[in-house]
Amino acid sequence: MKKIIFLLLIIYLTGCSTLKQEEKDNISENEDVIQKKEITIEDYKSNNVNELGKVPIMMYHGIYNKKNSETEYTGGNIDKDGYQRTSESFKNDLEFYYNSGYRMIRLTDYIDGNIDVELGKSPIILTFDDGLENNIKVTGLNNNGEIIIDPNSAIGILESFKEKYPDFNVTATFFVNGTLFGQEEYNEKILKWLVKHGYDVGNHTYNHVNFSDIDEQKTKVEVGSIYEILDTIIPNKYVNIVALPFGSPYSLEHSNMDYIFNTSYNNKNYITKSALRVGWEAENSPFSNEFNPKFLKRIRAYDNDGKDFDIKMNFNLLENNKYISDGNKDVIVIPNSEQNLLYNKYNKKVITY
Ligand SMILES: [Zn+2]
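The model shown is predicted, which means the values in this text are computed figures rather than measured ones.

Moving on to the overall build of the protein chain. Along its length, the protein chain carries 9 helices and 17 strands. Counting all 353 residues of the protein chain, 39% fall into the buried class. Sequence-distant contacts in the protein chain: of pairs separated by 6 or more residues, those separated by 24 or more amount to 65%.

Okay, structure coming up:
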């Protein structure tokens, strides 16, 4: 009996090691295929690659744990204008972006011209304003002292998509006010968790002020005090970007803009590289000569039955002019017809076809 068990064990172990070798062979073969497959002009043509196309920057606020049928407005809007949305509608949005060939990139990478998206796919950027509790609702701490996140808050939903679609490159930028995420005992842990897990945090002013209504001195305090908080909790890990409350001022010419872009507060100087507007449509490619990183438009992520620049209307428009990647972040690929729109300030290799 013992001999039989011993024999079976030997057969089993031999089988295991054979399988492992086969697996190894398969992996190295696959790697060879990936390395040998060069992207050609034919690939650009068949994928309609155009790296001078438009990029959607989506603007969200609150995500409420509700079904769409539980609101009195269309498509999961919680309020009439769709600034607040249901968790069901947010999940639907994410499925829609993924299935329409969009892959997420960081806002700061877009501004810096680092668009790392696979061949034939298009970049999309997610932003959240106001630091609402339902963006990342903490329900407690685990045994290791790490935050436990409500799976129905925005981050909980984003994390579930990260698992479901690893190639979605899930990320987002959160723009906070003085109360951060409104959870006093967890705020610091939340900021650190976000940075550690590939999300970004930016500036939405201390008191959610309208810059058109305040003077230079107050502007410096409103911008500088948020940078000071971020600098204390996540030094060098936050983004120097201001999402303008109410999208105001509406022009770069406004006298307060200088103090938004260059602020001194408590003897420290803070440079802002971009201000985000409340726009209505997709932005230019960072390689376009019409790209102005200082003043970026955002699409309000809401549903209005395909009217008034809601998600559906914007993504229908994008079908004709969206950014489609060549799969190489160091090369700009554009159709011949778009050549005159190029401004290659990042000095990347350019291929036209
Ligand atoms: Zn706001």
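Now that the structure has been shown, the text picks up again.
Before going further, it helps to spend a moment on the nonpolar core. Judged by nonpolar contacts, the single largest core of 75 residues is most densely connected at Met58, Ile125, Ala154, Phe174 and Val201. Of all the elements, helix H7 (residues 216–233) adds the most residues to this core, at 5 residues. The contact partners of phenylalanine 174, leaving out residues within four places of it in the chain, are Phe128, Gly131, Asn135, Leu194, Tyr199 and Val201.

Bringing the environment of leucine 244 into the picture now. Following the sequence through the fold, leucine 244 ends up in the loop between strand S10 (241–243) and helix H8 (257–261). With 24 C-beta atoms packed within 10 Å, leucine 244 lands in the buried category. Ignoring sequence-local partners within four residues, the contact set of leucine 244 consists of Phe211, Ala275, Leu276 and Arg277.

So, on to the pairing of strand S9 (residues 200–203). Pairing between strand S8 (residues 173–176) and S9: 4 bridges, direction parallel. Opposite phenylalanine 174, over in S9, you have valine 201 as the bridge partner. You can see the chain leave S8, run along helix H6 (residues 187–196) and come back into S9, and the turn it takes is right-handed.

Now for the packing of helix H3 (residues 87–99) against helix H5 (residues 154–164). Between two packed helices, what matters for the description is the angle formed by their axes and the separation of those axes. Contact geometry for H3 and H5: axes closest at 11 Å, N-to-C directions at 35°. In this structure, the crossing between H3 and H5 has a hand that is right-handed. Contacts between H3 and H5 involve Ser87, Phe90, Lys91 and Leu94 on the former and, on the latter, Ala154, Ile157 and Phe161.

For the rest of this paragraph, the subject is the pairing of strand S11 (residues 262–265). Two strands pair when backbone bridges link them, and S11 and strand S12 (residues 268–271) are joined in this way by 4 bridges, in the antiparallel orientation. Each residue of the ladder has a partner; that of tyrosine 265, found in S12, is lysine 268. What sits between the antiparallel neighbours S11 and S12 is a turn of 2 residues, in which asparagine 266 has the positive phi angle 50°.

It is worth spelling out unusual backbone geometry at this point. Cis rather than trans, the peptide bond between serine 248 and proline 249 has omega equal to 0°. Residue placement: proline 249 occurs in the loop between S10 and H8. Here the phi dihedral of asparagine 48 falls at roughly 55°; this positive angle occurs in a residue that is not glycine. With respect to the element layout, asparagine 48 can be found in the loop between helix H2 (41–47) and strand S1 (57–60). Residue classification places asparagine 48 among the exposed residues on the basis of 11 C-beta atoms within 10 Å. Phi angles above zero are rare outside glycine, and aspartate 308 is one such case at about 50°. Looking at the element boundaries, aspartate 308 is found in the loop between strand S15 (299–300) and helix H9 (311–321). Taking the number of C-beta atoms within 10 Å as the measure of exposure, aspartate 308 has 12 and is therefore exposed.

This paragraph deals with H5. Residue pairs spaced three or four apart in an α-helix point in one direction, given the helix's 3.6 residues per turn. Residues Ala154, Ile155, Gly156, Ile157 and Leu158 constitute the buried set of H5. Each element contacted by the buried residues of H5 is listed here: strand S2 (62–64), H3, strand S5 (122–129) and strand S7 (147–149).

This part covers the confidence of the model for the protein chain. Any segment with low pLDDT has predicted coordinates that should not be analysed in fine detail. Of all residues in the protein chain, 90% attain a pLDDT of 70 or more, and the chain-wide mean is 92. Counting contacts from residues 7–25, a segment whose pLDDT is below 50, to residues more than four positions away or on other chains yields 0 contacts.

Attention shifts here to H7. Under the 1.5 Å per step criterion, the end-to-end length of H7 is 26 Å for 18 residues, consistent within 8% with the ideal 26 Å. Restricting attention to buried positions, one finds in H7 the residues Thr219, Glu222, Val223, Gly224, Ile226, Tyr227, Ile229 and Leu230.

Counting through the fold element by element, glycine 178 comes out in the loop between S8 and H6. What makes glycine 178 partly exposed here is the crowd of 14 C-beta atoms within 10 Å. Considered as a pair, glycine 178 and histidine 208 are 30 residues apart in the sequence and their alpha carbons are 8.4 Å apart. In this structure glycine 178 touches Tyr206, Asn207, Ser225 and Ile226, once residues within four positions along its chain are discounted.

Cut-off values and rules
- Residues numbered from 1 in each chain as written.
- Predicted model: local features only at pLDDT ≥ 70, side-chain atom pairs only at ≥ 80, totals over all residues.
- Helix = DSSP H or I, 4+ residues; strand = E, 2+ residues; numbered from the N terminus.
- Buried ≥ 20, exposed ≤ 12 C-beta atoms within 10 Å, placed from the backbone.
- Contact = placed C-beta atoms within 7 Å.
- Core = buried A, V, L, I, M, F, W, Y, C linked by C-beta atoms within 7 Å.
- Pairing = 2+ DSSP bridges.
- Right-handed = clockwise from strand over helix to strand, strands pointing away.
- Axes fitted to C-alpha atoms, helices over the stretch in contact; angles between N-to-C directions.
- Left-handed = near helix turned anticlockwise from the far one by under 90°.
- pLDDT = per-residue confidence, 0-100.
- Expected span 1.5 Å × (residues − 1).

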